[in-house]
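Okay, here's what each chain looks like letter by letter:
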Amino acid sequence: MMNRVAVLSDIHGVLPALEAVLAEPDVAAADLIVLTGDIAAGPQPAEVLDVLADLGDRVSWVGGNADRELVEARSGRQAALPVSNWAAGQLRDDQVARLAALPATVTVEIDGLGPTLFCHATPRDDEEVVLVDSRMARWAEVFGGLPAEVSTVVCGHTHMPFTRLVDRRLVVNPGSVGMPYGGVGAWWALLGPGVQLRRTAFDVDAACARVATESTFPDAAAWADEYLRSQHSDADALVVFGPRDGR
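Residues numbered from 1 in each chain as written. Predicted model: local features only at pLDDT ≥ 70, side-chain atom pairs only at ≥ 80, totals over all residues. Heavy atoms only, no water.

- For the chain, the name recorded in an unreviewed UniProt entry is Metallophosphoesterase family protein, with Micromonospora parastrephiae as its organism.
- Looking at the Sequence similarities (unreviewed entry) heading of the UniProt record, one finds this comment for the chain: "Belongs to the metallophosphoesterase superfamily. YfcE family." (UniProt positions renumbered as here; feature names shortened; annotations may be inferred.)

Written out as structure tokens, the structure reads:
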């Protein structure tokens, strides 16, 4: 039984954002940090993986579609995004092996929340879409086969934080640490005994400058300006993601 669990999702290889969240007292004091995928696909992939690996057993890792795509790109299959193809080439063999071995789900017993399943997109797929306003029939579809005792599901993937009930089961999306849609800052969640959706503020100008200076990704400055400054609103994201939830 864990009393406090910090959830970090969709870090996307942004070291300044990750460092800001890890400096939060509630993250430092958490019994466990769970990563819900899309950890390294971004401008500082190896650096982010090294920082997280140094935390040892305090971290539980779950794989996302972008992590899988880095592994595939390393073996010759091109990813859709240029940053992913570049990032795949920056990783050491041990880092690629770690990403390749990541589980699709992890279940943790959390005080006040019960058996809590962590995944990237949905429990059955690392890239399908569910949203805060997805229909109940859609949730029933993606939760089909989920053990009845799982009372809470934590997912990421869409970079927008929310909590909602789905037929007596609590669903939490912590938002994104490194590529937030809808507001600047690094978004994460603190679980136990309830749910807190949290946002860590940091110096975005300084973070963009760091990424532009420290990353060798050719478009690092533009990438940081687009994503660290959260140029895409949650309304924009919902327009793009909406059709992918079957509505």
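As for helix α3 (residues 45-53)
Argument step 1. Among all positions of α3, only Pro45, Ala46, Val48, Leu49 and Leu52 are buried. One side of α3 carries all its buried residues, which in axial view fall inside an arc of 160 degrees.
Argument step 2. Lining the buried residues of α3 we find α1 (15-22), β2 (32-36), β3 (59-62), α5 (82-90) and α6 (93-100). (Buried < 20%, exposed > 50% of the residue type's maximum accessible area, 1.4 Å probe, protein only. Helix = DSSP H or I, 4+ residues; strand = E, 2+ residues; numbered from the N terminus. Arc of directions from axis to C-beta. Contact = heavy atoms within 4.5 Å.)

Description of the packing of aromatic side chains
Argument step 1. As enumerated under the stated definition, the model contains four aromatic pairs in all.
Argument step 2. An angle of 40 degrees between the planes, with centres 6.4 Å apart, marks the rings of tyrosine 181 and phenylalanine 241 as tilted. Residue tyrosine 181 is found in the loop between β8 (169-173) and β9 (186-191), and its partner phenylalanine 241 is found in helix α10 (residues 234-241); the two are separated by 60 residues along the sequence. Of the two residues, tyrosine 181 and phenylalanine 241, neither departs from the other in class, the shared state being buried.
Argument step 3. Look at tryptophan 223 and tyrosine 227: their rings are 4.9 Å apart centre to centre, the planes differ by 50 degrees, and that puts the pair in the tilted class. Of the two residues, tryptophan 223 and tyrosine 227 are both situated in helix α9 (residues 220-227); the distance of four residues between them amounts to about one turn of the helix. For the pair tryptophan 223 and tyrosine 227, one class covers both residues: buried. (Phe/Tyr/Trp six-rings, centres within 6.5 Å; stacked < 30°, edge-to-face > 60°.)

Here's the deal with helix α8 (residues 204-214)
Argument step 1. Of the positions making up α8, those classed as buried are Val204, Ala207, Cys208 and Val211. Along α8, the residues classed as buried sweep out an arc of 100 degrees about the axis, all on the same side. In α8, those exposed residues whose orientation departs by more than 90 degrees from the buried face are Asp205 and Thr213.
Argument step 2. Residues of α8 that are buried sit in contact with α1 and α9.
Argument step 3. Capping the start of α8 is the job of one residue whose side-chain oxygen sits 3.2 Å from the backbone nitrogen of aspartate 205: aspartate 203. (Polar contact = N/O pair within 3.5 Å; in protein donor to acceptor, adjacent residues only side chain to side chain.)

Points about the packing of helix α4 (residues 65-74) against α5
Argument step 1. Two numbers describe how α4 lies on α5: the axes approach to 8 Å, and their chain directions differ by 65 degrees. Comparing their axes, α5 and α4 come out roughly perpendicular. Like other packed secondary-structure pairs, α4 and α5 cross with a definite hand, here right-handed. Between α4, through Leu70, Ala73 and Arg74, and α5, the contact on the second element is made entirely by Ser84, Asn85, Ala87 and Ala88.
Argument step 2. Classifying every residue of the contact of α4 with α5 gives four nonpolar, two polar and one charged. (Axes fitted to C-alpha atoms, helices over the stretch in contact; angles between N-to-C directions. Parallel < 35°, antiparallel > 145°, perpendicular 65-115°, else oblique. Left-handed = near helix turned anticlockwise from the far one by under 90°. Nonpolar A, V, L, I, M, F, W, Y, C, P; charged D, E, K, R; others polar.)

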